[in-house]
Amino acid sequence: QVQLVESGGGLVQAGGSLRLSCAASESIFNINSMGWYRQAPGKQRELVATITSGGSINYADSVKGRGTISRDNAKNTVYLQMNSLKPEDTAVYYCRAVRRTAGGALVPYWGQGTQVTVSS
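This is a predicted model, so every value here is computed, not measured.

Rules behind the numbers
Residues numbered from 1 in each chain as written. Predicted model: local features only at pLDDT ≥ 70, side-chain atom pairs only at ≥ 80, totals over all residues. Heavy atoms only, no water. Salt bridge = Lys/Arg side-chain N within 4 Å of Asp/Glu carboxyl O. Pairing = 2+ DSSP bridges. Helix = DSSP H or I, 4+ residues; strand = E, 2+ residues; numbered from the N terminus. Axes fitted to C-alpha atoms, helices over the stretch in contact; angles between N-to-C directions. Phe/Tyr/Trp six-rings, centres within 6.5 Å; stacked < 30°, edge-to-face > 60°. Buried < 20%, exposed > 50% of the residue type's maximum accessible area, 1.4 Å probe, protein only. Core = buried A, V, L, I, M, F, W, Y, C linked by side-chain atoms within 4.5 Å. Contact = heavy atoms within 4.5 Å. Polar contact = N/O pair within 3.5 Å; in protein donor to acceptor, adjacent residues only side chain to side chain. Disulfide = S-S within 2.5 Å.

For the rest of this paragraph, the subject is the pattern of salt bridges. One pass over the structure, following the stated rule, counts five salt bridges. Between Lys-64 and Asp-61 there is a salt bridge, and its shortest N-O distance comes to 3.1 Å. A network of salt bridges, in which partner residues are shared, links Arg-38, Glu-46, Arg-66 and Asp-89.

This is how it looks when you write it as structure tokens:
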């Protein structure tokens, strides 16, 4: 199974930036897609950004223009750069990897999450 380790969360003032990292236990060439999700208090978990093995990228409307997802295949790592942070960005951020089975099913794997807190 794929194991994911997130890092880079913390406390930042509004308008600041953070760079989150997600290291996978195997080559991301073998993973269909990786992405970032977040869950704020009292809200459902929502998509932030995803990137496929082919380089296709998708962003949530709430982070377009402020968030950038990227990957380093040599390090088996996906990053999320967040700029111009707002208090509403406060959430636990989770890394997700999806691997397609030989039968075509998509199997998700989740990291433990890292807390991002944006103060006013």
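Having seen the model, we can carry on.
Next up on the list: the sheet that holds strand S3 (residues 18-24). Read across the sheet, four strands follow the order S1-S3-S8-S7 without closing on themselves; strand pairing throughout is antiparallel. The sheet is open, and its two edges are formed by strand S1 (4-7) and strand S7 (67-72), each paired on a single side. Neighbour-to-neighbour, the strand axes of the sheet open up by a mean angle of 15°, direction not taken into account.

Before going further, it helps to spend a moment on the packing of aromatic side chains. One pass over the structure, following the stated rule, counts two aromatic pairs. Plain terms: the ring middles of Tyr-94 and Trp-110 are 6.5 Å apart, the flat faces sit at 85° to each other, and that makes the pair edge-to-face. Placement of Tyr-94 in strand S9 (residues 91-100) and of Trp-110 in strand S10 (residues 106-110) is noted, with a sequence separation of 16 residues between them. We classify Tyr-94 as buried; its relative accessible area is 15%. Given a relative accessible area of 37%, Trp-110 falls into the partly exposed group.

Take the nonpolar core next. Counting residues in each nonpolar core, the largest one holds 29 residues, and the members touching the most others are Leu-4, Met-34, Trp-36, Leu-80 and Tyr-93. Mapped onto this core, the elements with two or more residues apiece are S3, strand S4 (33-39), strand S5 (46-52), strand S8 (77-82), S9 and strand S11 (114-119). If near-sequence neighbours (up to four positions away) are discounted, Leu-80 is found in contact with Leu-18, Arg-19, Leu-20, Trp-36, Val-48, Ala-49, Thr-68, Ile-69 and Tyr-93.

Okay, the environment of Ile-51 next. Along the chain, the position of Ile-51 falls in strand S5. Ile-51 sits in the buried class, given a relative accessible area of 6%. Linking Ile-51 and Thr-68, residues 17 residues apart in sequence, is a C-alpha distance of 10 Å. When sequence neighbours within four positions are dropped, the list of residues in contact with Ile-51 reads Ser-33, Met-34, Ser-56, Ile-57, Ile-69, Arg-71 and Val-78.

To continue, consider the environment of Tyr-59. When you line up the elements, Tyr-59 lands in strand S6 (residues 57-59). With relative accessibility at 21%, the residue Tyr-59 sits in the partly exposed group. Put simply, Tyr-59 and Ile-69 are ten residues apart on the chain and 8.5 Å apart in space, counted from C-alpha to C-alpha. Only 3.0 Å separates the side chain of Tyr-59 from the backbone nitrogen of Ile-69, close enough to count as a polar contact.

A word on the state of the cysteines. Following the criterion strictly, the structure yields one disulfide and no others. Two residues, Cys-22 and Cys-95, share a disulfide whose sulfurs are 1.9 Å apart. Its S-S torsion of about -80° marks the bond between Cys-22 and Cys-95 as left-handed, since a negative value means left-handed. Separated by 73 residues along the polypeptide, Cys-22 in strand S3 and Cys-95 in strand S9 bring together distant segments of the chain. Judged by relative accessible area, which is 0%, Cys-22 ranks as buried.

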